[in-house]
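Take a look at the letters that make up each chain.
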Amino acid sequence: MSAPPAVLVHHDQTMLARSAAARLVTRIVDVQAARGSASIVLTGGGVGTAVLAELAASRARDAIDWGRLDLWWGDERFLPSGDPERNETGARAALLDHVPVDPARVHPMPASDGPDGNDPEAAAERYAALLRAASRPEDHGPVPSFDVLMLGMGPDAHVASLFPEMPALYDERPVVAVRGAPKPPPTRITMTLPTILAAREVWVIAAGESKADAVRLGLSEAGPVQVPVAGARGRQRTLFLLDRGAAAKLPPGLERIASP
Ligand SMILES: O=C1O[C@H](COP(=O)(O)O)[C@@H](O)[C@H](O)[C@H]1O
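These numbers were taken from a predicted model, which means no experiment stands behind them.

About the cut-offs
- Residues numbered from 1 in each chain as written.
- Predicted model: local features only at pLDDT ≥ 70, side-chain atom pairs only at ≥ 80, totals over all residues.
- Heavy atoms only, no water.
- Near = heavy atom within 4 Å.
- Polar contact = N/O pair within 3.5 Å; in protein donor to acceptor, adjacent residues only side chain to side chain.
- Areas by Shrake-Rupley, 256 points an atom, 1.4 Å probe, with all protein chains shown as cover.
- Salt bridge = Lys/Arg side-chain N within 4 Å of Asp/Glu carboxyl O.
- Helix = DSSP H or I, 4+ residues; strand = E, 2+ residues; numbered from the N terminus.
- Buried < 20%, exposed > 50% of the residue type's maximum accessible area, 1.4 Å probe, protein only.
- Pairing = 2+ DSSP bridges.
- Contact = heavy atoms within 4.5 Å.
- Axes fitted to C-alpha atoms, helices over the stretch in contact; angles between N-to-C directions.
- Parallel < 35°, antiparallel > 145°, perpendicular 65-115°, else oblique.
- Left-handed = near helix turned anticlockwise from the far one by under 90°.
- Nonpolar A, V, L, I, M, F, W, Y, C, P; charged D, E, K, R; others polar.
- Phe/Tyr/Trp six-rings, centres within 6.5 Å; stacked < 30°, edge-to-face > 60°.
- Expected span 1.5 Å × (residues − 1).

S.K.: Outline the site of the ligand, supporting the account with residue identities and numerical values.
M.R.: Neighbouring the ligand are 15 residues; Gly46, Asp75, Arg77, Lys183 and Lys211 lie closest to it. Taking Gly44, its main chain carries an N or O atom lying 3.1 Å from an oxygen atom of the ligand. Within the side chain of Asn87, one N or O atom sits 3.3 Å away from an oxygen atom of the ligand. About the coverage of the ligand: the protein hides 90% of its 400 Å² of free accessible area.

In structure tokens:
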């Protein structure tokens with residue numbers, strides 16, 4: 001069972017990123033209080049990285065016990081370590097270099113100069129094995145039940161590196177390689193929909209009018225092969241966190257204004 005989405009609309013991208021960062025602090029603190037440690041899946045892209053920068057800039061970040069936090073990635077561009085296009089590089093610059101995370105609990109997807117060399121299939125399997133090792137009996141599956149899994153979204157409705165109509169959308173394995181992605185770079189690693197669906201909470205975060213059609217379709221009954229974001233749902237909660245541009249084509253009555 002997954003949760004139907006709730007939609008929150010913010011005035012602009014800055015308010016959206018700030019509010020998502022505040023929401024993330026609250027969620028992590030609550031989970032750490034209840035269960036000891038929390039697990040979060042990061043996303044790349046413009047808004048995803050802006051959320052991390054807002055978190056780094058917020059005084060509230062000190063409420064998080066950074067040593068009791070596992071950080072994963074939903075997808076990665078398969079490029080050499082440190083490449084500015086890698087989602088990991090952006091996340092480190094925006095947040096991880098500024099907070100006392102436990103390096104052993106930061107789990108970037110492998111780079112193309114990593115242990116598997118330039119073999120994205122092997123790198124994807126390696127990441128799947130890492131997730132399997134981190135999953136506990138109560139997760140009832142091959143991946144942890146992430147507390148929050150954040151997703152940016154493209155104008156084509158892709159999430160993570162799950163692009164419309166591509167084979168990864170039919171794949172049952174937890175993590176797979178993607179070749180020939182329509183958005184550069186063409187070679188990527190991505191969590192698949194079954195892994196996304198295992199998260200307790202999924203947050204789709206999108207800004208700008210170029211995303212408005214994809215948001216509308218993502219909230220419809222569209223199939224996930226044509227509209228990947230329509231398949232992105234959390235077990236307990238699904239949030240669409242939007243700015244006014246991305247919310248411009250919502251069906252009437254759906255939006256809840258978070259910062260007018
Ligand atoms: O390529 C990617 O794009 C999406 C969305 O990026 P945005 O810049 O349009 O917000 C991102 O979520 C994904 O992680 C990334 O690899």
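S.K.: Quick one: what's the story with the pattern of salt bridges, residue by residue and with numbers?
M.R.: Tallied over the full model, the rule gives 21 salt bridges. A salt bridge links Arg27 to Asp147, with the nearest nitrogen and oxygen atoms 4.0 Å apart. Linking Arg27 in helix H1 (residues 13-35) with Asp147 in the loop between helix H4 (120-134) and strand E6 (148-151), this pair joins segments that are 120 residues apart in sequence. Like Asp147, Arg27 is buried. When the shortest N-O distance is used, the salt bridge between Asp65 and Arg68 registers 2.6 Å. According to the relative accessible area criterion, Arg68 is partly exposed, its value standing at 33%. Here the residues in one salt-bridge network are Arg27, Arg35, Asp147, Arg200, Glu201 and Arg237, joined through shared partners.

S.K.: Explain the sheet that holds strand E5 (residues 106-107) to me, using residue names and the numbers behind them.
M.R.: A sheet is described by the order of its strands in space; here eight strands give the open sequence E5-E3-E2-E6-E9-E10-E1-E11, paired in parallel fashion. This sheet does not close on itself; its edge strands, each paired only once, are E5 and strand E11 (256-259). Bridging between strand E1 (residues 5-10) and strand E10 (residues 237-243) involves six bridges; their strand directions are parallel. Its bridge partner being in E10, Pro5 is matched across the sheet by Thr238. Along the sheet face, helix H2 (residues 45-57) touches strand E2 (38-42), E6 and strand E9 (201-206) and points at about 110° away from the line of E9.

S.K.: Explain the packing of H1 against H2 residue by residue, including any values.
M.R.: Axis separation between H1 and H2 bottoms out at 8 Å; the angle between their running directions is 60°. In this view, H1 runs oblique relative to H2, as classed from their interaxial angle. The crossing of H1 and H2 is right-handed. Residue-level inspection shows Gln13, Thr14, Leu16, Ala17, Arg18, Ala20, Ala21, Leu24 and Val25 of H1 in contact with H2, the latter providing Gly46, Val47, Ala50, Val51, Glu54 and Leu55. Looking at side-chain class alone, the contact of H1 with H2 contains 10 nonpolar, three polar and two charged residues.

S.K.: Could you give me a rundown of the packing of aromatic side chains, with the residues and numbers involved?
M.R.: All told, the structure shown has two aromatic pairs when counted by the stated rule. Relative to Tyr127, the ring of Trp72 has its centre 5.9 Å away and its plane inclined at 80°; by these criteria the two rings are edge-to-face. Separated by 55 residues along the polypeptide, Trp72 in strand E3 (residues 69-73) and Tyr127 in helix H4 bring together distant segments of the chain. For the pair Trp72 and Tyr127, one class covers both residues: buried. Put simply, the rings of Trp72, Tyr127 and Phe146 touch in pairs and so form one group of aromatic residues.

S.K.: Tell me about H2, residues and numbers included.
M.R.: A rise of 1.5 Å per residue sets the reference length of H2, with its 13 residues, at 18 Å; its end C-alpha atoms lie 18 Å apart and thus fit the reference within 8%. Of the residues making up H2, those classed as buried are Val47, Gly48, Val51, Leu52, Glu54, Leu55 and Ala56.

S.K.: Describe the side chain of Arg188, and please don't skip the residues or the numbers.
M.R.: In this fold, Arg188 is placed in strand E8 (residues 188-191). A distance of 3.4 Å separates the side chain of Arg188 from the backbone oxygen of Lys183, its partner in a polar contact. Here the side chain of Arg188 touches Pro184 through a polar contact of 3.0 Å, landing on its backbone oxygen. Excluding residues within four positions of it along the chain, Arg188 makes contact with Asp75, Glu76, Arg77, Phe78, Ser161, Phe163, Val176, Ala177, Val178, Ala181 and Lys183.

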